[in-house]
Amino acid sequence: GETVQEPSLGGTSLDPYYHVCAFFGSRDSEYQVLAPFYRETLKWNEKLLHVIDDGLRADHETRMQQHGVNVFECQQTGQFQVFGWADTYLKDGAFDQAMMLDAVQGVIEAARAEGYPRTRIMGNMNWALDGHPGSEQVIEYEVRVNEVLAREKQPAVCVYDLNRLTGGMMMDILSAHPLTLVNGVVHRNPFF
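These remarks concern the structure in this document.

### A look at the side chain of R120
Now for step 1: Take R120: it is sitting in strand β6 (residues 119-124).
Now for step 2: A relative accessible area of 0% places R120 in the buried class.
Now for step 3: A polar atom in the side chain of R120 sits 3.2 Å from the backbone oxygen of F37.
Now for step 4: Within the structure, the side chain of R120 is placed 3.4 Å from the side chain of T41, a separation counted as a polar contact.
Now for step 5: When sequence neighbours within four positions are dropped, the list of residues in contact with R120 reads P7, F37, E40, T41, W44, E46, K47, L48, L49 and P155.

In structure tokens, the structure reads:
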């Protein structure tokens, strides 16, 4: 098959892990850092799939547009999809890691069938800090999704709000991700 270029984030290659936990202190810095990664997806004709807080959808789309992503056009073609937490992580009001792992695998396979060589996933993980039923499974899920992403070579960025994390929560999250993005720089994660 043709060579698929290797994605990078903040100038760092994601191969061979592909799974990044990204910590941001503000929404502005989040988009500033991640926008080039999103734009590269579209330039390379890959698929972009975002899972966000339903209440922030309009804001998310506006910010993406401001950072050079032609949101309307990319959504019309299906290249850029945005889902809310209620349709994904919290389907039926609770988090079910087995169902979510199947969903990730399914999304990757569906995108391939549509002709996209790769799907880049961004999941805003703040729902996991709100005490929803099943959210105690999130760290185990993060560990298990590593295998899917590495096997399929599909990058995923899990976004966490630094303002909402305790030190203990941060260590748990770090333990589940091979790569971490802090202050705009990706590091191999020593806690993984």
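### Digging into the pattern of salt bridges
Now for step 1: Taken as a whole, this structure holds 12 salt bridges when the rule is applied.
Now for step 2: The closest approach of N and O atoms between R63 and D59, which form a salt bridge, is 2.8 Å. Here the residue R63 and the residue D59 both occupy positions in helix α2 (residues 57-66), the gap between them amounting to four residues, near one helical turn.
Now for step 3: The class for R63 is buried, based on a relative accessible area of 16%.
Now for step 4: With a relative accessible area of 29%, D59 lands in the partly exposed category.
Now for step 5: A single network of salt bridges, built from pairs that share partners, joins E6, E40, E46, R118 and R120.

### Some thoughts on the nonpolar core
Now for step 1: In this structure, L9, Y89, V104 and W127 are the most contacted members of the largest nonpolar core, which totals 53 residues.
Now for step 2: Apart from the residues lying within four places of it in its own chain, the contact partners of Y89 are V51, A94, F95, D96, M100, G123, N124, M125, W127 and Y141.

### Remarks on empty space enclosed by the protein
Now for step 1: Across all of its chains, the model carries one cavity of 30 Å³ or more by this definition.
Now for step 2: Here the largest cavity defines a volume of roughly 40 Å³.
Now for step 3: Forming the boundary of the largest cavity are R27, E30, Y31, I52, L56, H60, M122 and N124.
Now for step 4: Among the elements of the structure, α1 (27-43) and β6 are those that each provide at least two residues to the lining of the largest cavity.
Now for step 5: Among the elements that line the lining of the largest cavity, the one with the most residues is α1, at three residues.
Now for step 6: In the lining of the largest cavity, the residues fall into four nonpolar, two polar and two charged.

### Topic: the layout of surface pockets
Now for step 1: Size it by volume and the largest pocket reaches roughly 280 Å³.
Now for step 2: The wall of the largest pocket is formed by 21 residues, among which V51, T88, M100, A103 and V104 lie closest to the centre.
Now for step 3: At the level of secondary structure, the elements contributing two or more residues to the lining of the largest pocket comprise β4 (47-52), α4 (97-113), β6, α5 (138-152) and β7 (156-161).
Now for step 4: No other element matches α4, which puts five residues into the lining of the largest pocket.

### As for the sheet that holds strand β3 (residues 19-24)
Now for step 1: Pairing is mixed across the open sheet formed by seven strands, whose spatial order is β5-β4-β6-β7-β3-β8-β9. A strand with exactly one partner marks an edge of an open sheet, and here the two such strands are β5 (80-84) and β9 (185-188). The mean inter-strand angle of the sheet, taken between neighbouring strand axes irrespective of direction, is 20 degrees.
Now for step 2: Sheet topology places β3 next to β7; six bridges connect them, and they run parallel.

What counts, and where the lines are drawn
- Residues numbered from 1 in each chain as written.
- Predicted model: local features only at pLDDT ≥ 70, side-chain atom pairs only at ≥ 80, totals over all residues.
- Heavy atoms only, no water.
- Helix = DSSP H or I, 4+ residues; strand = E, 2+ residues; numbered from the N terminus.
- Buried < 20%, exposed > 50% of the residue type's maximum accessible area, 1.4 Å probe, protein only.
- Polar contact = N/O pair within 3.5 Å; in protein donor to acceptor, adjacent residues only side chain to side chain.
- Contact = heavy atoms within 4.5 Å.
- Salt bridge = Lys/Arg side-chain N within 4 Å of Asp/Glu carboxyl O.
- Core = buried A, V, L, I, M, F, W, Y, C linked by side-chain atoms within 4.5 Å.
- 1 Å grid on protein atoms, 1.4 Å probe; cavity = no way out; pocket = protein on both sides within 12 Å on 5 of 7 lines; lining within 4 Å.
- Points joined across faces, edges and corners; volume = space filled by probe spheres on them.
- Nonpolar A, V, L, I, M, F, W, Y, C, P; charged D, E, K, R; others polar.
- Pairing = 2+ DSSP bridges.
- Axes fitted to C-alpha atoms, helices over the stretch in contact; angles between N-to-C directions.

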